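Take a look at the letters that make up each chain.
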Amino acid sequence: MTSTDVQTELKDGILGILSYCINCRFCLPSCPRFEITSGEVSQGASGVTRSLYYAVKWGEEDKQALQELRDIVFGCTTCKSCELACKSLSTGTKLLDAIEMGRELLIEMQVGPMPEQKKVLDSLLKNGNPYMVTARKRKEAVKALGLKEYTDQTEILLYLGCSTAVDEDVQNTVKALAKILDHAGVSYGILLDEACCGEPSLKMGEVGLFEMLSEKNIDLFKDNGVQSIVTLSPHCFETFSSKYPEADMQGIKVRHYTQLLYDLVQEKKLTFPNTVDKKVVYHDPCYLSKYQNVCEEPREVIKSIGGVELMEFKDNRADSLCCGGGGGRMWADFEAETNRLANIRVTEAVEKGAEVLVTACPWCFINMNDGVKVTNAADKLEVLSLAELCAMAL
């Protein structure tokens, strides 16, 4: 299929999806991007999709206009709040599908992605991760963690993902999780040659690269006889569950680590002998709550820890405020934005009197940690992963 054929197919797909949108704008108040762009309609959910719709319908070719469209379309966090709002209040239009097709189209037209994201895609191609870390250095970093390696006798593959492999702060999560699993007598191991799940490339519109990475991982899983995967990142969890070919993943059970911890608590295999006397507020990652409806499991795990006072954000569960890191935005900044979503979240946590902000996503963790620094809240609020909080109680 030629690039022209691909572009035509994508344009038809975009127009087909967005033909169901009645421009009611019920999705706009739910859009986190709209909240931090001085109320510019073009930056919110309906504005993004309308801009894309008319650009495709009118056959927009002006270079400057297409670059403006790129900035709008790639600014979406892919949090899914707009789709949930549309489903409950309007026509149930698959807005994210259209936006992701729009990104793929802009790449085919050599307009996208954002300039900063190009080196990320290049790193995914060359190194198998988005962080510009060579495969050899990644492997060395993972080896240094001292985690058990997967064998044919191992029950669970602990899929680290890219952030856990290379970010020192995020590595504390897998160290804590390993401690918990050892305590609970769970058989687990890691694969040193693991590649990125491919989600960043998929969300940035580079579908061919995603397919290459997914095929590499599927072969790795099959070669090692993997039947159960537990991920550290909700993005990996969603990608394996919903984006990898169902036929290739048949017979492989996929869970996020919050679900595993919940199961262990329910089965009485995991109990916490120590108390943690802290006021804790839990932040729902979008790809765990909005995409996979995993909301109560992490809360039940937190409640099982003695001494913890569990608090709630005003926007919680499927209404949670996005941290701002999804959709490739971990590697791009946008001029239209007047604030960072993670800063808003941290400020709310401090105002509620929380002492610890707990989350279960590496990108949420990184962004919230940055938010604590930017808002000068380090003396008031600590950011921990759910695994780290649990490990404190052992």
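Quick note: structure is the one above.
Computed from a predicted structure; not experimentally measured. All residue numbers refer to positions counted from 1 along the written sequence of the respective chain. Note on the predicted model: pLDDT of at least 70 is required for a residue's local features to be given, and 80 or more for side-chain atom pairs to be given and counted; whole-chain, interface and lining totals, by contrast, use all residues. Where side-chain values are given, they derive from all heavy atoms of the structure, hydrogens and water being excluded.

Engineer: Can you break down a negative patch on the surface residue by residue, with the values?
Structural biologist: Candidate patch residues must exceed 30% relative accessible area and have no salt bridge, after which like charges are joined if within 9 Å and Val, Leu, Ile, Met, Phe, Trp or Tyr side chains if within 5 Å. Only the protein chains shown count as cover for residues, and the accessible areas themselves come from Shrake-Rupley with a 1.4 Å probe. The term salt bridge refers to a side-chain nitrogen of Lys or Arg lying within 4 Å of a carboxyl oxygen of Asp or Glu. We score Asp and Glu as negative and Lys and Arg as positive, and we do not count His or the chain ends. Every charge is mapped to an atom, namely NZ of Lys, CZ of Arg, CG of Asp or CD of Glu. A cluster of like negative charges, contributed by Glu211, Glu215, Asp219 and Asp223, occupies part of the molecular surface. Runs of E in the DSSP output that reach at least two residues are strands. Runs of H or I that reach at least four are helices, and both are numbered from the N terminus. Checked against the element boundaries, Glu215 lands in helix H12 (residues 207–223).

Engineer: Please give an account of the pattern of salt bridges that cites residues and values.
Structural biologist: Throughout the structure, instances matching the rule amount to 21 salt bridges. Residue Asp263 pairs with Arg255 through a salt bridge whose shortest N-O separation is 3.1 Å. Buried, partly exposed and exposed residues are distinguished by accessible area as a fraction of the type maximum, computed with a 1.4 Å probe on protein chains only: under 20%, between the cut-offs, and over 50%, respectively. Judged by relative accessible area, which is 25%, Asp263 ranks as partly exposed. The exposure class assigned to Arg255 is buried, which follows from its relative accessible area of 11%. Of the charged contacts in the structure, one is a salt bridge between Glu312 and Arg299, with a shortest N-O distance of 2.7 Å. Taken together, the residues Glu312 in the loop between strand S6 (309–311) and helix H18 (341–352) and Arg299 in helix H17 (residues 296–303) connect sequence positions 13 residues apart. Since its relative accessible area comes to 0%, Arg299 is described here as buried. Residues joined by salt bridges that share partners form a network here, namely Asp284, Glu296, Arg299, Glu312 and Arg317.

Engineer: So what about the packing of helix H5 (residues 81–89) against helix H6 (residues 95–108)? Which residues, and what values?
Structural biologist: Helix-helix packing is described using two parameters, namely the angle between the two axes and the distance between the axes. All axes here are fitted lines through C-alpha atoms, helices being fitted over the stretch that makes contact, and every angle between N-to-C directions spans 0 to 180 degrees. At their nearest, the axes of H5 and H6 sit 8 Å apart, and the two run at 140° to each other. Contacts from Cys82, Glu83 and Cys86 of H5 reach H6 at Leu95, Leu96 and Asp97. Here the residues of the contact of H5 with H6 sort into 4 nonpolar, no polar and 2 charged. Any two residues whose heavy atoms approach within 4.5 Å at even a single point are treated as in contact. Each residue is assigned to one class: nonpolar for Ala, Val, Leu, Ile, Met, Phe, Trp, Tyr, Cys and Pro, charged for Asp, Glu, Lys and Arg, and polar for all the others, Gly among them.

Engineer: Go over the pairing of strand S7 (residues 356–359), please, and point to the residues and values.
Structural biologist: Neither face of S7 is left uncovered, since the one carrying Val356 and Val358 and the one carrying Leu357 and Thr359 both have all their residues buried. Bridge count between strand S5 (residues 279–282) and S7: 3 bridges; the pairing is parallel. Within the sheet, the bridge partner assigned to Tyr282 lies in S7 and is Val358. Here, strands pair whenever DSSP counts at least two bridges between them. By the bridge criterion, 4 bridges tie S7 to strand S8 (residues 382–385) in an arrangement that is parallel. Residue pairing in the sheet places Leu357 in a bridge with Val383 of S8. With the strands pointing away from the viewer, any crossover whose connection runs clockwise from the first strand over the helix to the second is right-handed. As a crossover connection, the stretch from S7 through helix H19 (residues 362–374) into S8 is right-handed.

Engineer: Requested: an account of the state of the cysteines, with residues and values cited.
Structural biologist: Cysteine sulfur pairs qualify as disulfides if the two atoms are within 2.5 Å. Scanning all chains against the criterion turns up 0 disulfides. Between Cys323, a free cysteine, and Cys364, which holds the nearest cysteine sulfur, the sulfur-to-sulfur gap is 3.8 Å.

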